[in-house]
Amino acid sequence: MKKGSINVVSTRLIRRILQRDIAKKSRKMSDAINGNIAVFKGVQPFTAIAVTALILAFTTAEGAYAVGGILKKNDFLNAKAALYDCMLEFAPYVNALALGDKVILDLSTLPLLSDELDIAKLIADGAIADNVTAKQGASPRQIITNCNSFGEKVNYIVIISEGIPLPAGFYVESNGTVTLPDGNRCFVNSLGNRRKSFVNLLPKTEYFVYYVLTYGASTVGVVSAGVSIVTSA
């Protein structure tokens with residue numbers, strides 16, 4: 001099974017930014033990240049002044065190369081590489097800060113891995129939800145579940161099994177219908193986003209939490225590994 005979020009910055013797509021667009025996209029990234037320290041905290045790879053200097057060096061070298069020809073080529077190539085490397089250094093910084101949070105990733109303006117992958121195929125091929133968690137809610141005998149965001153337009157089915165792990169015979173059909181074996185008490189929640197809530201459960205009872213990724217009308221993934229939690233009294 002494949003595991004992990006595809007909501008990360010794509011270094012491949014950064015390298016594929018067209019030369020004519022790199023200065024504009026670098027400026028946009030800098031304005032978004034360097035200009036929003038409330039979201040993009042800590043030490044950033046480059047300051048706004050440093051990014052501006054790299055952009056100026058690139059545009060100056062680009063103009064000189066257009067006029068001076070081969071004699072100015074190396075200066076241009078070095079300036080271009082430095083600007084691409086600058087954007088690439090922001091990728092791990094943003095990924096470590098966002099931890100799959102699509103809002104933060106979008107605020108960075110950097111291209112995402114989800115922009116280059118076929119999400120439906122990944123799920124159909126066996127991708128599973130990453131970092132499935134379960135915790136006690138504010139209400140008695142309430143469980144709150146969550147997982148990392150997998151990608152845009154992905155939906156999440158959550159199944160909790162009471163007392164025992166999901167037994168053989170459990171499966172999710174292509175239309176999202178959950179089939180459960182007889183005698184196994186389970187609860188299913190497919191509404192809303194990744195964060196699900198289950199209430200009015202049995203006290204001091206072990207529940208096993210599972211996530212299933214879905215995409216569109218017919219793409220349903222496989223069940224994740226179960227996470228165990230015991231409800232409050």
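Computed from a prediction, not measured in an experiment: that's the story for all the values here.

Caption draft 1: Inspection of a positive patch on the surface at higher detail. A surface patch of like charges, here positive, comprises Arg-20, Lys-24, Lys-25 and Lys-28. For Lys-24, the position within the fold is in helix α2 (residues 19–33). According to the relative accessible area criterion, Lys-24 is exposed, its value standing at 58%.

Caption draft 2: Looking closely at the state of the cysteines. On inspection of all chains with the given rule, the structure shows 0 disulfides. Here Cys-147 is not cross-linked by a disulfide; its sulfur's nearest cysteine counterpart is in Cys-186, at 18 Å. On the basis of relative accessibility, which here comes to 4%, the residue Cys-147 falls in the buried class.

Caption draft 3: Quick look at the side chain of Ser-161. For Ser-161, the location among the structural elements is in strand β5 (residues 154–162). Note on Ser-161: relative accessible area 0%, which makes it buried. Within the local environment of Ser-161, its side chain forms a polar contact with the backbone oxygen of Ile-164, the two atoms lying 2.5 Å apart. Apart from the residues lying within four places of it in its own chain, the contact partners of Ser-161 are Leu-166, Asn-184, Arg-185, Cys-186, Glu-206, Tyr-207, Phe-208 and Tyr-210.

Caption draft 4: Region of interest: the nonpolar core. Membership of the largest hydrophobic core comes to 30 residues, with the highest contact counts inside it found for Val-9, Ile-14, Ile-33, Phe-90, Val-94 and Leu-110. Of all the elements in the fold, those that place two or more residues in this core are α2, α3 (48–68), α4 (73–98) and α5 (102–108). Tallying contributions element by element places α4 first for this core, with 12 residues. For Ile-33, the residues in contact, after removing those within four places along its chain, are Phe-40, Gln-44, Phe-90, Tyr-93, Val-94, Ser-108 and Leu-110. Leu-122, Val-132, Cys-147 and Leu-201 belong to the second-largest nonpolar core, a separate cluster that totals 21 residues.

Parameters and conventions
Residues numbered from 1 in each chain as written. Predicted model: local features only at pLDDT ≥ 70, side-chain atom pairs only at ≥ 80, totals over all residues. Heavy atoms only, no water. Patch = residues over 30% accessible without salt bridge, like charges linked within 9 Å, V, L, I, M, F, W, Y side chains within 5 Å. Areas by Shrake-Rupley, 256 points an atom, 1.4 Å probe, with all protein chains shown as cover. Salt bridge = Lys/Arg side-chain N within 4 Å of Asp/Glu carboxyl O. Lys, Arg positive; Asp, Glu negative; His and termini not counted. Charge placed at Lys NZ, Arg CZ, Asp CG, Glu CD. Helix = DSSP H or I, 4+ residues; strand = E, 2+ residues; numbered from the N terminus. Buried < 20%, exposed > 50% of the residue type's maximum accessible area, 1.4 Å probe, protein only. Disulfide = S-S within 2.5 Å. Polar contact = N/O pair within 3.5 Å; in protein donor to acceptor, adjacent residues only side chain to side chain. Contact = heavy atoms within 4.5 Å. Core = buried A, V, L, I, M, F, W, Y, C linked by side-chain atoms within 4.5 Å.

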